[in-house]
Amino acid sequence: MTQQRAFIGLGSNLDHPQQQIESALRALGALPQTTLLAVSPLYQSLPWGDPCQDDFVNAVAMVDTELEALSLLTFLLDIERQQGRDRNSARRHGPRTLDLDLLLYGTQIHQQPQLQVPHPRMHERAFVLLPLADLAPGAVIPPHGSVSSLIQPEFASLCWRLPAASVVRRE
């Protein structure tokens, strides 16, 4: 297997979200056949899809991996479970200890029930595009275009970069 550049979205709004993200990054760095290359700054974002919950802390990680896309996804789901995520009991778009999404996997497109890459709605989401733009503004999200071309002015009111080591709770 040849090495692929992959981007992974991270999000949390339960049980010390910033610590959840930091723990997930350590786990990503320990994955077999995978090198954690860079991590975006942390962002705070309004909840998407279910507004009756705390804000999220989000980031994007860039890795090089020799794992197949489905194998990488399996590892991501294992990391979520190890950090207390139960995808079977959680309400859709509800609060979670950790959400790991395989956003991009090289230039590959996968449309399978268990794996959709590029992530199907990433081109609409400020909490994905803003941190991804910090790492790879020219990355292309087929068929939508480059990351930088998809950023909308209204994203600034939905998602904002956090100063180092700070998470603000919305009242």
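Residues numbered from 1 in each chain as written. Predicted model: local features only at pLDDT ≥ 70, side-chain atom pairs only at ≥ 80, totals over all residues. Heavy atoms only, no water.

**Student:** Quick question: what am I supposed to make of the pattern of salt bridges here?
**Tutor:** A side chain of one charge can pair with a side chain of the opposite charge if their charged atoms are brought near each other. All told, the structure shown has six salt bridges when counted by the stated rule. Note that D78 is salt-bridged to R81, the shortest N-O span being 2.2 Å. Linking D78 with R81, this pair stays in helix 2 (residues 69–82), spanning three residues, or about one helical turn. (Salt bridge = Lys/Arg side-chain N within 4 Å of Asp/Glu carboxyl O. Helix = DSSP H or I, 4+ residues; strand = E, 2+ residues; numbered from the N terminus.)

**Student:** Would you take a moment to explain the confidence of the model for the protein chain for this structure?
**Tutor:** Atom-level detail of predicted coordinates should not be read off regions where pLDDT is low. Per-residue confidence for the protein chain gives a mean pLDDT of 91; residues scoring 70 or more make up 94%. In the predicted structure, residues 167–171 sits below a pLDDT of 50 and forms eleven contacts with residues beyond four places in sequence or in another chain. (pLDDT = per-residue confidence, 0-100. Contact = heavy atoms within 4.5 Å.)

**Student:** Sorry, what's going on with the packing of aromatic side chains here?
**Tutor:** Under the counting rule described, the total for this entry stands at zero aromatic pairs. Over the aromatic face of W48 sits the side chain of R125, whose NZ or CZ is 3.7 Å from the ring centroid. (Phe/Tyr/Trp six-rings, centres within 6.5 Å; stacked < 30°, edge-to-face > 60°. Lys NZ or Arg CZ within 6 Å of the ring centre and 35° of its normal.)

**Student:** When you look at the environment of D55 in this model, what are you seeing that I'm missing?
**Tutor:** Mapped onto the elements of the fold, D55 is located in the loop between strand 3 (43–45) and strand 4 (56–65). When its relative accessible area of 8% is taken as the criterion, D55 is described as buried. Once the C-alpha coordinates of D55 and R81 are considered, the two residues, 26 residues apart in sequence, prove to be 21 Å apart. A polar contact is formed between the side chain of D55 and the side chain of Q44, at a distance of 2.9 Å. (Buried < 20%, exposed > 50% of the residue type's maximum accessible area, 1.4 Å probe, protein only. Polar contact = N/O pair within 3.5 Å; in protein donor to acceptor, adjacent residues only side chain to side chain.)

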